Amino acid sequence: MDTVYITTPIYYANGSPHLGHFLTTTLADSLARYYRNKVGEENVFFTTGLDEHGTNVEQAALKAGFDNTKDYVDLRFKEWKKMFEESNISYNYFVRTTNPKHKTFVKKFILQLFKNKDIYKSYYSGKYCNGCEKFLTKSDLDDRGLCPLHRKDQVVEVKEENYFFKLSKYAPQVAELINQNKIKIFPENKRKELLSRLDQGVEDISISRPKEKISWGIEFPNDPNQVIYVWVEALLNYISSLSINKKEYFWRGHTVHLLGKDISWFHNVIWPSLLLSAKKNLFKESFVHGFLNVGGQKMSKSLGNVITPDHLLKRYGLDGSRYLILSSLPYQNDSDVTMDYFDNKYMSILSNGLGNLVSRVTKLCEITKKTYNLNLTSSLQNRLDLQKIDSLVKEYRLQDVCFLFEDQISFLDKELQKAKPWENLDDSYDFLQDILLHLLFLINTFNFIFPKTYERILLHFNLLSKQKTKNYVGHLTNLFPRLS
Ligand code: MSP
């Protein structure tokens, strides 16, 4: 693994960030931090950002009273960027599809597909969901013939002349690539779902919309009456971003797309087909997560039951929120959370767990007035199965990484209870030294999940300057304050 490129979906600029977006972005951030530790800062490129075109964005701008949709997306951009920065998201590039460089890149790409004779003009007749920005096939509809994710009024009947892409020509090849794990899809149940849908046969897809119906988009090359279908140009962000940043070489390394289950077909079938048609390299892996539901209900902008990341950040702080989200990661299936669940988890694992352990141990060390070895390179490796963590991360099982962490916390807590060093501090030096190093080693190992806590530890123990390895230890309290 030489270079690693990690992407999140680019989110529709028609609303504020919700917990689902926060989940994928936090996951991407943790992976980026993990790989930066492993292969070096300069060998990791992590992008996230906004999908700024399409009907739903245009409609949201109108509803918000904006005459100019660009002014609206500029405002949204500021809001999302601020949220990601305040959440300590270490992206390398924030994507905006209204960037003129992206538009130029997309047009060139489409011309290439034309040249390869994979585009033709025809008529589309059927349903279109403005919420999904999707031409709905039978398999997309629920029993009532409606979109399962969006309100009834967001689905419209359309009959229009569009440009089509020959998806049917490439789908068998994509099925083969997925089958042979040349495109690796995680987890296994999502891979199987794709293969079985591919097995049912694939039709060509519409890749443009008439300008008279939607003007907010990128004009089709050589046809001023058509606009490029928003999904096609959005997918292209994954390579236009590299081109804009002159980082094209990342596309030849380890490339990873993270996404939710509702957009798996776009990423894992349509996207590789477009790449095959343009004769570009394919991405290597994609991780398809399930949905995070709240109190047994789907969370979505149009259903109006959205928990904001802001709410989480205010209550649990940066690392607290990251931990709660990652430990609830919907892996094979959806997962369900409530604020009560988050409160309990935060208190037991972080406040009474890690925070309390660090506080008790450093307090005892302080009382002894002795110096302690703080050298993390000492042989603690055997305490934690680092290879296990590595293989879990490689399979995107961050919730299991969190469980490993929880086992460690409970182990250390028991050790402390058993040894009761406070009863005989004079004879407890070795024990305190050992447990202190173990705690530091733990925070160091999990620093991709707790980046702020790690920073605090480095500062508190003066570990930034490498000379001193033995030092006095001061009480470190309130790493994860109790909830009010
Ligand atoms: N703009 C497209 C993506 C284009 S990528 C080339 C889009 N945007 S979105 O804002 O609607 O959704 C982005 C992501 O949020 C998707 O991965 C989707 O699965 C995820 N989530 C939306 N609701 C979610 C939950 N309740 N839980 C977890 N993730 C969910 O689609």
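Preceding this section is the structure that the text describes.
Conventions used here
- Residues numbered from 1 in each chain as written.
- Predicted model: local features only at pLDDT ≥ 70, side-chain atom pairs only at ≥ 80, totals over all residues.
- Heavy atoms only, no water.
- Axes fitted to C-alpha atoms, helices over the stretch in contact; angles between N-to-C directions.
- Helix = DSSP H or I, 4+ residues; strand = E, 2+ residues; numbered from the N terminus.
- Parallel < 35°, antiparallel > 145°, perpendicular 65-115°, else oblique.
- Left-handed = near helix turned anticlockwise from the far one by under 90°.
- Contact = heavy atoms within 4.5 Å.
- Nonpolar A, V, L, I, M, F, W, Y, C, P; charged D, E, K, R; others polar.
- Pairing = 2+ DSSP bridges.

Examining the packing of helix α11 (residues 339-368) against helix α14 (residues 429-445)
Logical step 1: Interhelical geometry of α11 versus α14 gives an angle of 140° and a closest axis separation of 10 Å. The angle between α11 and α14 places the two elements in the oblique class. Where α11 crosses over α14, the two elements pack in a sense that is left-handed. Every residue of α14 that contacts α11 at L354, L357, V358, V361, T362, L364, C365 and T368 is listed here: L432, I435, L436, L439 and I443.
Logical step 2: The class makeup of the residues in the contact of α11 with α14 is 11 nonpolar, two polar and no charged.

Some details on the packing of helix α5 (residues 167-179) against helix α9 (residues 264-277)
Logical step 1: At a closest axis distance of 9 Å, the pairing of α5 and α9 adopts a crossing angle of 110°. Between α5 and α9, the angle is such that the two are roughly perpendicular. Residues L167, Y170, A171, Q173, V174, L177 and I178 of α5 lie in contact with α9, whose contacting residues are N268, V269, I270, P272, S273, L276 and S277.

What to know about the sheet that holds strand β4 (residues 119-129)
Logical step 1: Within the open sheet, the four strands sit side by side as β5-β4-β6-β8. Their pairing is antiparallel. Of all the strands in the sheet, the pair left with one neighbour each is β5 (134-136) and β8 (205-206).
Logical step 2: Where β4 meets strand β6 (residues 155-165), 11 bridges bridge the pair, whose relative direction is antiparallel. Bridging across to β6, Y124 finds its partner in E160.

Geometric descriptors of this kind do not, in isolation, establish any biological role.
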